[in-house]
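The primary structure of each chain is shown beneath.
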Amino acid sequence: IKMKILVLAGGFDQIALIEELRSRGNTVYLADYFENPPAKQFADKHFQISTLDENAVYELAKREQVDLITTACTDQALMTVASVSEKLNLPCYISSKIARDVTNKAYMKKKFVEYDVPTANWNLLESESDFEKLRTCQLNFPQIVKPCDCNSSKGVVKVENNEELKNAVRNAFQLSRSKKVIVEDFKPGEEVSIDVWKDEEGAKVLSVSGT
């Protein structure tokens, strides 16, 4: 069945996705706020809108009567994919609630606690005035400051003292769309990234890499 598919984000990482979808005879539309994103030439048509603008993506998908909205290799656009798909009753492998939980660190931390997943102790700051409550927390440096909802590790900073903490928190608030920031204990050790595919048969580890 040939479909009209809207792909959100047109960086180098999305080129393979677009090529695969078109190789199956589908018409692929691309939404990306850059005028000439790398993946533009591989799509049937490019629309210059932000992947984070849910209203704009909704109106585009509705107007073009797309059959599917998808993305790959980008964190925050996943929330738009799930939310707009729900509004238009389009198929999506993830609900907007799950998309929120896996892309917003404030909700992610709560899920870790709920399911007994080990995680560093943290403080959630919901406004810049909340910074004052950190003074009573007897923080042990170094600490890690994270915007709750940015792509990849953007805005994530390791800080060694209160002055660095204050500057990092201020910057994180500027980067966070929801204006929420996580400050958590630094855990030394090896960082491991794991890619997993989950289907009806269970979870399958595709690759493991460490730094």
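Here we summarise the structure given alongside this text.

## Details of the sheet that holds strand 7 (residues 157–159)
Okay, so step 1: In spatial order, the strands read 5-8-6-7; together these four strands make up an open sheet with antiparallel pairing. At either end of the open sheet lies a strand with only one pairing partner, and these are strand 5 (122–125) and strand 7. For this sheet the average axis-to-axis angle between neighbouring strands, irrespective of direction, equals 25 degrees.
Okay, so step 2: Two elements, strand 6 (residues 143–147) and strand 7, share three bridges in a ladder whose sense is antiparallel. Looking across to strand 7, one finds that Ile144 is bridged to Lys158.

## Some remarks on the environment of Thr71
Okay, so step 1: Relative to the helices and strands, Thr71 resides in the loop between strand 4 (68–70) and helix 3 (77–87).
Okay, so step 2: Among the residues examined, Thr71 registers a relative accessible area of 10% and is labelled buried.
Okay, so step 3: Taking C-alpha positions, Thr71 is 6.9 Å from Ala9, a pair spaced 62 residues apart along the chain.
Okay, so step 4: A distance of 2.6 Å separates the side chain of Thr71 from the backbone oxygen of Leu8, its partner in a polar contact.

## Digging into the packing of helix 4 (residues 96–103) against helix 5 (residues 105–114)
Okay, so step 1: Close contact between helix 4 and helix 5 brings their axes to 5 Å; oriented N to C, the two are set at 95 degrees. Judged by the angle between their axes, helix 4 and helix 5 are roughly perpendicular. Of the residues in helix 5, those touching helix 4 at Lys97, Arg100, Asp101, Val102 and Thr103 are Lys105, Tyr107, Met108 and Lys111.

## Comments concerning the packing of helix 3 against helix 4
Two packed helices can be described by the angle between their axes and the distance between those axes.
Okay, so step 1: Running from amino to carboxyl end, helix 3 crosses helix 4 at an angle of 170 degrees, the nearest separation of the two axes being 8 Å. The angle between the axes of helix 3 and helix 4 places the two elements in the roughly antiparallel class. Contacts from Leu78, Met79, Ala82, Ser83 and Glu86 in helix 3 reach Ser96, Ala99, Arg100, Val102 and Thr103 in helix 4.
Okay, so step 2: Looking at side-chain class alone, the contact of helix 3 with helix 4 contains five nonpolar, three polar and two charged residues.

## Notes on the pattern of salt bridges
Okay, so step 1: Tallying each qualifying case throughout the model produces 12 salt bridges.
Okay, so step 2: One salt bridge connects Glu64 with Arg63, and the closest N-O pair in it is separated by 3.6 Å.
Okay, so step 3: Each of Lys97, Arg100 and Asp101 takes part in one network of salt bridges that share partners.

## Some remarks on the layout of surface pockets
Okay, so step 1: Within this model, the largest pocket holds a volume of roughly 2200 Å³.
Okay, so step 2: Around the largest pocket sit 46 residues that line it, and Asp75, Val102, Met108, Ile194 and Asp195 are the ones nearest its centre.
Okay, so step 3: Taken together, the elements giving at least two residues each to the lining of the largest pocket come down to helix 4, helix 5, strand 6, strand 8 (181–185), strand 9 (192–199) and strand 10 (202–210).
Okay, so step 4: Broken down by element, the residue count for the lining of the largest pocket peaks at eight residues, all from strand 9.
Okay, so step 5: For the lining of the largest pocket, the residue count by class is 22 nonpolar, 10 polar and 14 charged.
Okay, so step 6: Within this model, the second largest pocket holds a volume of roughly 330 Å³.
Okay, so step 7: Taken together, 14 residues make up the lining of the second largest pocket; nearest its centre are Ala9, Tyr33, Thr51, Thr74 and Asn151.
Okay, so step 8: Grouping the constituent residues of the lining of the second largest pocket by class yields six nonpolar, six polar and two charged.

Parameters and conventions
- Residues numbered from 1 in each chain as written.
- Predicted model: local features only at pLDDT ≥ 70, side-chain atom pairs only at ≥ 80, totals over all residues.
- Heavy atoms only, no water.
- Pairing = 2+ DSSP bridges.
- Helix = DSSP H or I, 4+ residues; strand = E, 2+ residues; numbered from the N terminus.
- Axes fitted to C-alpha atoms, helices over the stretch in contact; angles between N-to-C directions.
- Buried < 20%, exposed > 50% of the residue type's maximum accessible area, 1.4 Å probe, protein only.
- Polar contact = N/O pair within 3.5 Å; in protein donor to acceptor, adjacent residues only side chain to side chain.
- Parallel < 35°, antiparallel > 145°, perpendicular 65-115°, else oblique.
- Contact = heavy atoms within 4.5 Å.
- Nonpolar A, V, L, I, M, F, W, Y, C, P; charged D, E, K, R; others polar.
- Salt bridge = Lys/Arg side-chain N within 4 Å of Asp/Glu carboxyl O.
- 1 Å grid on protein atoms, 1.4 Å probe; cavity = no way out; pocket = protein on both sides within 12 Å on 5 of 7 lines; lining within 4 Å.
- Points joined across faces, edges and corners; volume = space filled by probe spheres on them.

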